[in-house]
Amino acid sequence: MAERTKIRSALAFLAALHAAVALAGFLAPYGFADQRRDYPYAPPARLRFLDASGRFHLRPFVYGLAPDGAGGYREDTAGAYPVRFLFHQRLFGVDEPGTIFLCGSDGYGRDVFSRVLYGGQTSLVTGLAAAFVSLSLGLALGIAAGFYGGWLDRLIMRGGELAMALPWLYLLLAVRAFLPLHIGAPEAFALLVAIIGGSGWVRPARLIRGVALSARERGYVEAARGFGASDAYLIRRHLLPMTLGVALTQATVLIPRYVLAEIALSFLGLGIGEPAPSWGNMLAEARQYHALVSHPWMLAPAVAAFPILLAYLILADALMERQREGG
Amino acid sequence: MADDAFLSVRGLGRRFPRGRGPERTAGWAFRGVSLDLAQGRTLGLVGPSGGGKSTLARCLALYDAPTCGEVRLEQRSLWAAGRRERRRLRAEIQLIFQQPAAALNPRFTAGQIVAEPLLIQRRGDAESQRKRAAELMEMAGLPAGAARNRALEFSGGERQRLAIARALALDPKLLILDESLSGLDVSIQAQIVNLLADLQERLHLTYILISHDLRLVAGIAGEIAVMDGGSIVESGPADELLARPRHPCTRELLDAALALTPGGGP
């Protein structure tokens, strides 16, 4: 029972966060490439309800920003900009020349909050797509190995060991070295998905092979064979449903790992390039010590990634626990 | 040993590989098995475990290929048949496994389980398959509303009834029951035996009943063959064989059966 509530709340939480990221075009006040060059490294905006004379406003507002002379900003109480909702086809925004940087801005004066939302699209879709690639490969190869056995099984399993032994990071570096310096975002994305997803099929394949191996010996599979069932029928009707639980659990383990892999690779400059944001390439900007000390809001992508990864891991844990209980 | 027997087995044997690599040796699961069976009759195949009974059953039911010998069902040779012909023959011989619980997919409903052979052999549409499944379940003495229940919700006896209902789906002529009654308690065993007798009469079925329990087989089978060490050591009409057992193995099985009968021993 406790598992069920855990699974449900983790799922609801993940659904909400994914929806927020998917709706970045609406929820974010700025586009991911919109620059306000006059406001680099602006601190997070403060939403205010009380004005200078102490009067309460139902509609929150922000003050304009003015340089404080020391490289930072101070609030300019002369200009107040009320927050407008459903503004220019976005959920909220303020009139020019006011700015609303909820999580501050980066070195080009781009809104970090908006870029975290848009960057989540890159990072999460990479994780999901790579997990899909891994699981599809794992399902196909694992079932082939477990169901048919013999030389095919040995071939696939030795191939898996070989794949595990490959240094994938260096392979990615080598592949990137052969490609032009700046490749387009779609190509970079495809390469990332192929490398991350292609490297991770071995573990799911092994687990699914185990399920297929035991399925082959089940009485009901034997019985169906006795009625003249083809291999395709046995795999579709009996084997695939049995592997579903393992596949689902593996998905919840793989997705956060792959999101993290995208972050790591983009951090190293091997992922999606600027100006398209991803959590990894945004964090790369915060690599310098001065950024961490003076502009801690640049770590926002890490703060955004953390609860998502945690929720996935809790979900994986609860699913595994349920599987153990279910036998 | 008439040539026009319903089922005739001649010199059947199956080797199985033992071990791997250089020390691989082949043993015989059974060899030189010959028997005849008339339609509508029941043959009891008894013997200690490891005697090759189950492997023989698998060869007769077209699961495993024999190494040598021949099986004929109504003059048609089973293993000489082509793929398509064998698929058709497969429907006529059904094997019911040792553990009915393992032979039923826990994810399926009872209706799906019973209709599965029809689905595999592509007989009729979904609606007619459902109707036929309901009919079969009723024939096997299962409650009408049980079609939606999952296999795990049934008791041991009911699972055996489900397995029997499924085996009947393709209108088989020969039913091989491999230790199918062993795991059940005595009263349920009796119910299943009655069901089998009833079905035999209605559908003119032929049975091969495999068991290590001579007493159980003696009550059902008209003929009995005793199998030990991979070959048939003694066979004949049940009453004759029980009254005058000649082979030591038969005597041993008989003693074991009597010892279990109340009043028959300590």
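Please read all numbers here as calculations on a predicted model, not as lab measurements.

Looking at the overall build of chain B
Line of reasoning, step 1. Within chain B, the regular secondary structure consists of nine helices and ten strands.
Line of reasoning, step 2. Its C-alpha radius of gyration of 19 Å places chain B within 12% of the 18 Å reference for a compact globule of 266 residues.
Line of reasoning, step 3. With the principal axes as the frame, chain B shows a C-alpha extent of 55 × 50 × 45 Å.
Line of reasoning, step 4. Of the contacts made within chain B by residues no fewer than 6 positions apart, 66% connect residues no fewer than 24 positions apart.

A word on helix H6 (residues 186-203) of chain B
Line of reasoning, step 1. Helix length check: H6(B), at 18 residues, gives a terminal C-alpha distance of 25 Å against a target of 26 Å (1.5 Å per residue), a fit within 8%.
Line of reasoning, step 2. Looking one or two residues past H6(B), His204(B) carries a phi angle of roughly 55°, positive in sign.

Considerations on unusual backbone geometry
Line of reasoning, step 1. Of note in the backbone geometry, Arg122(B) takes a positive phi value of approximately 55° without being a glycine.
Line of reasoning, step 2. Note on placement: Arg122(B) falls in the loop between helix H3 (110-120) and helix H4 (126-139).

Section: the interface of chain A and chain B
Line of reasoning, step 1. Taken together, the contact between chain A and chain B spans twelve residues of the former and 17 residues of the latter.
Line of reasoning, step 2. Elements represented by at least two residues in the side of chain A that touches chain B include exactly helix H8 (219-226) and helix H9 (231-267) of chain A.
Line of reasoning, step 3. In terms of residue count, the dominant contributor to the side of chain A that touches chain B is H8(A) (five residues).
Line of reasoning, step 4. Within the side of chain A that touches chain B, the residues separate by chemical class into seven nonpolar, four polar and one charged.

Looking at the nonpolar core
Line of reasoning, step 1. If you look at the biggest cluster of nonpolar residues, it comprises 153 residues, and the most contacted ones within it are Ile96(B), Val114(B), Leu162(B), Ala165(B) and Ile176(B).
Line of reasoning, step 2. Considering every element that reaches this core, the biggest residue donor is helix H3 (residues 112-148) of chain A, with 16 residues.
Line of reasoning, step 3. Setting aside residues no more than four positions away along its own chain, Val114(B) makes contact with Ala133(B), Leu136(B), Met137(B), Leu162(B), Ala165(B), Arg166(B) and Ala169(B).

Structural notes on the confidence of the model for chain B
Segments scoring low in pLDDT should not have their predicted coordinates read at a detailed level.
Line of reasoning, step 1. When pLDDT is averaged across chain B, the result is 83; 92% of the residues are at 70 or more.
Line of reasoning, step 2. Under the prediction, the complex receives an ipTM of 0.80, its pTM being 0.79.

A few points about the environment of Ser114(A)
Residues and elements named next belong to chain A.
Line of reasoning, step 1. If you trace the backbone, Ser 114 turns up in helix H3.
Line of reasoning, step 2. Placed 90 residues apart in sequence, Ser 114 and Ala 24 show a C-alpha to C-alpha distance of 7.2 Å.
Line of reasoning, step 3. Sequence-distant contacts of Ser 114, that is, excluding residues within four places in its chain, are made with Ala 28, Pro 29, Tyr 30, Gly 31 and Phe 32.

Some thoughts on the sheet that holds strand S3 (residues 73-82) of chain A
All names here are of chain A.
Line of reasoning, step 1. Taken in spatial order, the three strands make up an open sheet running S1-S2-S3, and their pairing is antiparallel. Every other strand in the sheet has two partners, leaving strand S1 (48-50) and S3 as the edge strands with one partner each. Between one strand axis and the next, the sheet turns through 50° on average, direction left out of account.
Line of reasoning, step 2. Two elements, strand S2 (residues 56-67) and S3, share seven bridges in a ladder whose sense is antiparallel. For Leu 65, the partnering residue across the bridge sits in S3 and is Glu 75.

Considerations on the pairing of strand S7 (residues 174-178) of chain B
All names here are of chain B.
Line of reasoning, step 1. Among the five residues in S7, five count as buried, and that is most of the element.
Line of reasoning, step 2. Alternating residues of S7 divide into Leu 174, Ile 176 and Asp 178 and Leu 175 and Leu 177, and every residue in both groups is buried.
Line of reasoning, step 3. Of the pairings in the sheet, the one linking strand S6 (residues 93-96) to S7 comprises four bridges and is parallel in character. Looking at S7, one finds that Gln 94 is bridged to Leu 175.
Line of reasoning, step 4. Sheet topology note: the S7/strand S8 (residues 206-211) ladder contains five bridges and is parallel. In the sheet register, Asp 178 faces S8, and the bridge partner there is Ile 210.
Line of reasoning, step 5. In this fold, S7 hands off to H6, which returns the chain to S8; that crossover is right-handed.

So, the environment of Ser123(A)
Residues and elements named next belong to chain A.
Line of reasoning, step 1. Tracing the backbone through its elements, the reader meets Ser 123 in helix H3.
Line of reasoning, step 2. Residue class for Ser 123 comes out buried when judged on the 30 C-beta atoms lying within 10 Å of it.
Line of reasoning, step 3. For the pair Ser 123 and Leu 102, spaced 21 residues apart in sequence, the C-alpha separation works out to 21 Å.
Line of reasoning, step 4. Ser 123 has contacts with Val 259, Glu 262, Ile 263, Ser 278, Trp 279 and Gly 280, leaving out every residue within four places of it along the chain.

Things to note about the sheet that holds strand S10 (residues 231-237) of chain B
All names here are of chain B.
Line of reasoning, step 1. Strand order in the open sheet formed by six strands is S6-S7-S8-S3-S9-S10, and the pairing between neighbours is mixed. Of all the strands in the sheet, the pair left with one neighbour each is S6 and S10. Each neighbouring strand pair of the sheet contributes to a mean axis angle of 15°, computed without reference to strand direction.
Line of reasoning, step 2. In this sheet, S8 lies alongside strand S3 (residues 42-46) in parallel orientation, the contact comprising five bridges. Counted as the bridge partner of Leu 43 is Ile 208 from S8.
Line of reasoning, step 3. Running over the sheet, helix H1 (residues 53-60) touches S3, S6, S7, S8 and strand S9 (223-228) and is turned about 155° from S7.

The rules behind these values
- Residues numbered from 1 in each chain as written.
- Chains lettered and ligands numbered in written order.
- Predicted model: local features only at pLDDT ≥ 70, side-chain atom pairs only at ≥ 80, totals over all residues.
- Helix = DSSP H or I, 4+ residues; strand = E, 2+ residues; numbered from the N terminus.
- Rg over C-alpha atoms; globule rule 2.2 N^0.38 Å.
- Contact = placed C-beta atoms within 7 Å.
- Expected span 1.5 Å × (residues − 1).
- Nonpolar A, V, L, I, M, F, W, Y, C, P; charged D, E, K, R; others polar.
- Core = buried A, V, L, I, M, F, W, Y, C linked by C-beta atoms within 7 Å.
- Buried ≥ 20, exposed ≤ 12 C-beta atoms within 10 Å, placed from the backbone.
- pLDDT = per-residue confidence, 0-100.
- Pairing = 2+ DSSP bridges.
- Axes fitted to C-alpha atoms, helices over the stretch in contact; angles between N-to-C directions.
- Right-handed = clockwise from strand over helix to strand, strands pointing away.

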